[in-house]
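Coordinates in review
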Amino acid sequence: MTYVTHDESAFVPPVEVDEPELYHAKTWIGKYVWSQDAKVIAVQYSLTAIFVGLVALVLSGLMRLQLGFPHTFQFINPSSYLQFVTMHGMIMVIYLLTALFLGGFGNYLIPLMVGARDMVFPYVNMVSYWVYLFAVLLLLASFFVPGGPTGAGWTLYPPQAILSGTPGANWGIILMLVSLAFFIIGFTMGGLNYVVTVLQGRTRGMTLMRLPLTVWGIFMATVLALLAFPALFVSAIMMTLDHLLGTSFFMPALVSQGKGLEHSGGSPVLFQHLFWFFGHPEVYIVALPAFGIVSDLISINARRNIFGYRMMVWAILAIGGLSFIVWAHHMYVSGMNPYFGFFFATTTLIIAVPTALKVYNWVLTLWRGDIHLTVPMLFAIGFVFTFVNGGLTGLFLGNVPVDLPLSDTMFVVAHFHMVMAVSPILVVFGAIYHWYPKVTGRMLNDTMGRWHFWITFVGTYCIYYPMHYLGILGVPRRYYAIEGTDFIPQSAHSVNVGITVAALIVAAVQILFLYNLVWSYFRGKPSGGNPWRATTLEWQTPETPPKHGNFGPTLPAVYRWAYDYSVPGAAEDFIPQNQPPAKAAPITPAARARA
Amino acid sequence: MTTALVVLSVIMAIIVGWLWRRTVNVAPWTAQRAGDAAPGNGELQMPSVQVGLVVFMTVATSLFALLISAYYMRMVETDWTNFALPRVLWINSGVLVLASAAMHMTRTAARHGNLDATRTGLIASGAFSFAFLGGQVWAWQQLRASGELAPANPAYAFFILLTAVHGLHLIGGMWVLVRATYRAMRGVDPKRVRLSVELCTLYWHYLLLVWAALFFVLLNTHR
């Protein structure tokens, strides 16, 4: 393999290129409400997602109250318990994590990190947010309609999702399906922007291989989402038709409450295939941005270049490619052909390889690094722990014979909460602590941040570690109450009390985080432009917070990758991406040696 | 799910392969002159709107592949009834080919800066597309009038769903087409008209291809 080398000494001044005309709003409403500025849209997305996420957090607290102290709370009945389960799951996965990582961080970071003035299609970007908001309002409206929200479980499996007897089978499920369809339409508009901006909007010198891994993660996650969400879209439309027009896409012939229904011959397994064809890539839609952001947080705070940058990029590509051929490992219990099970178990284990590679590279980046245990770094390292824990239990569940007895138990709940709930959320927190200074110009309070991290991190283990044992005992998930069952010992109930107490403490400490967000906005220490001494372009803007257009009169030209930390011989321990080689210390021999 | 699996695998292979080729032979840790690296106007030498359209068409491909997969999976159940496809679908297909061909000629005219021919082409293509949509609605009515099968029958439901989703995509394109025609009639900014024509041509060819695939599937599974 030969490397492309270049004359590194010559300084080339930035060349004038055609710049997109930006729409500069003149009114307050145009700037902050109907805004076409990606940074404002990012904040809108983030605040909406965090708000709806808090609703889901409260729901999980109510579920835990019921599980820990059954018969204590009169307002939680079996129906409302199922509704809490459903809404908690759907909100957290789609309306919080997907929207926050792609709509929030994607919008804020892509243009700034690639050196663009804004997204390529600002108007479409604005519409994307408003469609998302509409989807959220539709979803929340289901709490107020007759029958309440759907209680079908977040997987919405037919036939039970639309049969009378399931909570919210009339209004709730329709609002959920329509809301999902709108979410997908809104997301597609945003996703077009993220992909095309990364491809077309990069500034001079910002080659693909100089992109920070955050952008790589968000980019690939968007590609996955654009291709996978149509599966959810199709299933939502077809189930709506089954419910409203009496078609039989998914509904088999069945007798409900003594009456034969008009449906016949529909295939519930078809829905499961479509749902998980979306559902599995969804895991990586959430995970890939987290991978990218963690890579950057670790590199910045260890003051070292990321270990194996190219391996990290290719691992992202490999995970993206493989994520489409593992979906049926969610369906081992659906009675599939054993050879299919074998195929999907194999692909599931293969996808662990690039994932493990990333973990090794994070650890190797830390190795002999000049580690600064800042709050973002704490969250990043916390992520590595929870992700490895959750990933290892994934190896159990990926194997058919181990999965069958564990399916639909608390073990599964513990597994996916570790790997795709807590882990990405830790990254979200780390990222907010990291980029809050750029968004507001002020640092978040450090002491509150450390309390927030330690209670969340330790609390996570208190919640989910014992849950694995409950699952191995056979405690089923989604059950309102588990009394009167011989195989569940009294100690399981005691464990449930402990889990509930831990969950409530973790939920309560999030209030401290919210308080910190508000308090620091007014009282936080002014951050300056580059408080973390980072190399990437968003920290090199002339103003903080950046103005509309991001970079002042001329766009930056990029001369190096995003990971020039602790370069031997350099004056400082970081060299910004837009610093020309002539002004930097001679890095050729050392850098070559590292190759 | 075989169709979806194959189509999505091909799409992902193309995307990953393309990115792989762009990343494999690069040593990112070497500093270089900005002038040597990517030009400021993007990775792909085409307008960003066109890239956006290609991305959108990829999303639509995923959607149609999943619908076809669902179709084949649902077909094997016992309540599926094959029916005689309305004859008018053949005419509709011909009309859509004409719309696509008219679009192609419009593009040639626009590239040569021939505004008159561009206008004529746009109007012709729009008229053929409207005719196609009308023909599809007519096909629905023929099917209902034939009384061959109940509306709740999955074969019927799938026929309506597939044609409707394809039709909605065409209607979305018509909006751009009508705007381009309006601009061409007023004779403003030939550059923007030309870009719209380029986009429409690409999209019309794509929708013709999608219709060909759908029609092929329908022909193979019905009388």
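Sequence positions are assigned chain by chain, starting from 1 and proceeding in written order. Starting at A for chains and at 1 for ligands, labels are handed out in the order in which the entities are written. Local features in this predicted model are restricted to residues of pLDDT 70 or higher, and side-chain atom pairs are both shown and tallied only at a pLDDT of 80 or more, whereas totals for entire chains, interfaces and linings draw on every residue. Side-chain calculation: all heavy atoms of the structure are included, whereas hydrogens and water are not.

Secondary structure elements are defined from DSSP: runs of H or I of at least 4 residues count as helices, runs of E of at least 2 residues count as strands, and each element is numbered from the N terminus. A tally of helices and strands in chain B yields six helices and zero strands. Written out in order from the N terminus, the α and β elements of chain B read α-α-α-α-α-α. Considering only C-alpha atoms, chain B reaches an extent of 70 × 45 × 20 Å along its principal axes. Scored against the burial criterion, the 223 residues of chain B give a buried share of 51%. A 1.4 Å probe and the Shrake-Rupley method give the accessible areas. Residues count as covered only by the protein chains that appear here. For chain B, the exposed surface amounts to about 10,100 Å²; the carbon and sulfur share of it is 67%. Counting 16 positive and 8 negative side-chain charges, chain B places the averaged centre of each group 7 Å from the other. The buried label applies to any residue whose accessible area, calculated with a 1.4 Å probe on protein chains only, is under 20% of its type's maximum; exposed applies above 50%, and partly exposed to all values in between. Under the convention used here, Asp and Glu are negative, Lys and Arg are positive, and both His and the chain ends fall outside the count. We put the charge of a Lys on NZ, of an Arg on CZ, of an Asp on CG and of a Glu on CD.

In this section: the overall build of chain A. Within chain A one finds 15 helices and two strands. Overall, the C-alpha framework of chain A stretches about 85 × 55 × 50 Å when taken along its three principal axes. For chain A, with 595 residues in total, the buried portion stands at 64%. In this analysis, two residues are considered to be in contact whenever any of their non-hydrogen atoms come within 4.5 Å of each other. Partitioning the contacts of chain A with sequence separation of at least 6, the portion at a separation of at least 24 is 79%.

Here we come to a nonpolar patch on the surface. All names here are of chain A. A cluster of nonpolar side chains, Leu349, Leu392, Leu395, Phe396 and Val402, forms an exposed patch at the surface whose accessible area comes to about 390 Å². In this fold, Val402 is placed in helix α11 (residues 400-406). Taking the relative accessible area as the measure of exposure, Val402 reaches 32% and is therefore partly exposed. Patch membership requires over 30% relative accessible area and the absence of a salt bridge. Like charges are linked within 9 Å, and nonpolar side chains (Val, Leu, Ile, Met, Phe, Trp, Tyr) within 5 Å. By definition, a salt bridge exists where a carboxyl oxygen of Asp or Glu is found within 4 Å of a side-chain nitrogen of Lys or Arg.

A word on helix α9 (residues 338-366) of chain A. Residues and elements named next belong to chain A. One less than the residue count of a helix, multiplied by 1.5 Å, gives the span that helix is expected to have. Taking 1.5 Å of rise per residue, 29 residues should cover 42 Å, and α9 covers 43 Å from first to last C-alpha, within 8% of that figure. At the N-terminal boundary of α9, the capping side chain belongs to Asn337, with an oxygen 2.8 Å from the backbone nitrogen of Tyr339. Phi for Arg368, located one or two positions after α9, is positive at around 60 degrees. Pairs of N or O atoms are called polar contacts if they sit within 3.5 Å, as long as, within protein, a hydrogen donor faces a hydrogen acceptor (for residues adjacent in sequence, only side-chain-to-side-chain pairs).

Residue and element names in this part refer to chain B. Here is the rule: rings of Phe, Tyr and Trp (six-membered ring for Trp) pair when centre to centre is within 6.5 Å. Planes less than 30 degrees apart are stacked, more than 60 are edge-to-face, and the remainder are tilted. A complete count under the given rule lists 64 aromatic pairs over all chains for this structure. With a centroid separation of 5.9 Å and 90 degrees between ring planes, the pair formed by Phe83 and Phe159 is classed as edge-to-face. Within this pair, whereas Phe83 is found in the loop between α2 (48-75) and α3 (88-111), its partner Phe159 is found in helix α5 (residues 154-186), the two being separated by 76 residues in sequence. The exposure class assigned to Phe159 is buried, which follows from its relative accessible area of 1%. Charge-over-ring placement is defined geometrically: NZ (Lys) or CZ (Arg) within 6 Å of the ring centre, and within 35 degrees of the ring normal. The ring centre of Trp175 lies 5.0 Å from the NZ or CZ of Arg179, which sits over that ring.

Moving on, we get to the pattern of salt bridges. Enumeration over the complete set of coordinates arrives at twelve salt bridges over all chains. For Glu572 of chain A, the salt bridge is made with Arg533 of chain A, and the minimal N-O distance between the two is 3.2 Å. Of this pair, Glu572 of chain A sits in the loop between α14 (490-523) and α15 (588-594) while Arg533 of chain A is found in the loop between α14 and α15, placing the two residues 39 residues apart along the sequence. With a relative accessible area of 43%, Glu572 of chain A lands in the partly exposed category. The residue Arg111 of chain B makes a salt bridge to Glu198 of chain B at a minimum N-O spacing of 2.8 Å. With Arg111 of chain B in helix α3 and Glu198 of chain B in helix α6 (residues 190-221), this pair connects stretches of sequence that are 87 residues apart. With a relative accessible area of 45%, Arg111 of chain B lands in the partly exposed category. One continuous salt-bridge network, built from bridges that share partners, spans Arg303, Arg533, Glu572 and Asp573 of chain A.

Quick look at the packing of helix α2 (residues 38-68) of chain A against helix α3 (residues 78-114) of chain A now. All names here are of chain A. Relative to each other, α2 and α3 sit at 155 degrees, their axes nearing to 8 Å. The angle between α2 and α3 places the two elements in the roughly antiparallel class. α3 is crossed by α2, and the crossing has left-handed handedness. Polar here means any residue other than Ala, Val, Leu, Ile, Met, Phe, Trp, Tyr, Cys and Pro, which are nonpolar, and Asp, Glu, Lys and Arg, which are charged; Gly is therefore polar. Of the residues belonging to the contact of α2 with α3, the class tally is 26 nonpolar, eight polar and one charged. Axis definition: a line fitted to C-alpha atoms, over the contacting stretch in the case of helices. Angles run 0 to 180 degrees between N-to-C directions. If an angle is under 35 degrees, it is roughly parallel; if it is over 145, roughly antiparallel; if it lies from 65 to 115, roughly perpendicular; otherwise it is oblique. In this scheme the handedness of a crossing depends on how the near helix is turned from the far one: anticlockwise by less than a right angle means left-handed, clockwise means right-handed.

Let's shift gears to helix α8 (residues 309-322) of chain A. Since one α-helical turn is 3.6 residues long, residues separated by three or four positions face the same way. Taking 1.5 Å of rise per residue, 14 residues should cover 20 Å, and α8 of chain A covers 20 Å from first to last C-alpha, within 8% of that figure. Across the 14 residues that make up α8 of chain A, a large majority, eleven, are buried. Within α8 of chain A the residues assigned to the buried category are Tyr309, Arg310, Met312, Val313, Trp314, Ala315, Ile316, Leu317, Ile319, Gly320 and Leu322 of chain A. Close packing links the buried residues of α8 of chain A with α6 (213-245), α7 (268-302) and α9 of chain A together with α1 (2-24) of chain B.

When pLDDT is low, close inspection of the predicted coordinates is not appropriate. Overall, the predicted model of chain B reaches an average pLDDT of 89, with 93% of residues at or above 70. Within the model, the stretch residues 37-41 of chain B combines pLDDT values under 50 with 15 contacts to residues more than four positions away or in other chains. pLDDT expresses how confident the predictor is about each individual residue, on a scale running from 0 to 100.

All names here are of chain B. Running from amino to carboxyl end, α3 crosses α6 at an angle of 160 degrees, the nearest separation of the two axes being 9 Å. With respect to each other, α3 and α6 are oriented roughly antiparallel. Along this stretch, α3 crosses α6, giving a crossing that reads as left-handed. For the contact of α3 with α6, the class distribution of residues is 15 nonpolar, six polar and four charged.

Here we take up the nonpolar core. Residue and element names in this part refer to chain A. What makes a nonpolar core is a set of buried Ala, Val, Leu, Ile, Met, Phe, Trp, Tyr and Cys residues whose side-chain atoms join them at distances within 4.5 Å. The biggest cluster of nonpolar side chains holds 262 residues, and the ones touching the most others in it are Tyr95 and Trp216. Ranked by residue count, the leading element in this core is α3, at 23 residues. Those residues within four positions of Tyr95 in sequence are excluded, and the remaining contacts are Ala49, Val52, Met90, Tyr132, Ala135, Val136, Leu139, Met176, Ser179, Leu180 and Phe183.

Relative to the helices and strands, His493 of chain A is located in helix α14. Judged by its relative accessible area of 19%, His493 of chain A is buried.

Once that is clear, we can look at the side chain of Asn107 of chain A. Tracing the backbone shows Asn107 of chain A in helix α3. Sequence-distant contacts of Asn107 of chain A, defined by excluding residues within four places in its chain, comprise Ala38, Ile41, Ala42, Tyr45, Leu102, Met119, Asn125 and Tyr194 of chain A.

All names here are of chain A. Counting through the fold element by element, Asn305 comes out in the loop between α7 and α8. Under the relative-accessibility criterion, Asn305 is labelled buried at 16%. It is 45 Å that separates the C-alpha atoms of Asn305 and Val178, two residues lying 127 residues apart in sequence.

Residue and element names in this part refer to chain A. Residue Pro159 is reached from Pro158 by a cis peptide bond, and omega for that bond is 0 degrees. Among the structural elements, Pro159 can be located in the loop between α4 (122-141) and α5 (172-200). Phi at His71 is positive, roughly 70 degrees, even though this residue is not glycine. Its relative accessible area of 59% is what places His71 among the exposed residues. Here Arg478, not a glycine, exhibits a phi torsion of approximately 65 degrees, which is positive. Within the element layout of this structure, Arg478 appears in the loop between α13 (446-473) and α14.

Residue and element names in this part refer to chain B. When you line up the elements, Tyr206 lands in helix α6. Along the backbone, Tyr206 and Leu170 are 36 residues apart, and their C-alpha atoms lie at a distance of 10 Å. Leave out the neighbours within four places in its chain, and Tyr206 touches Met57, Ala60, Thr61 and Phe64. Polar side-chain contacts of Tyr206 include one of 3.1 Å to the backbone oxygen of Met57.

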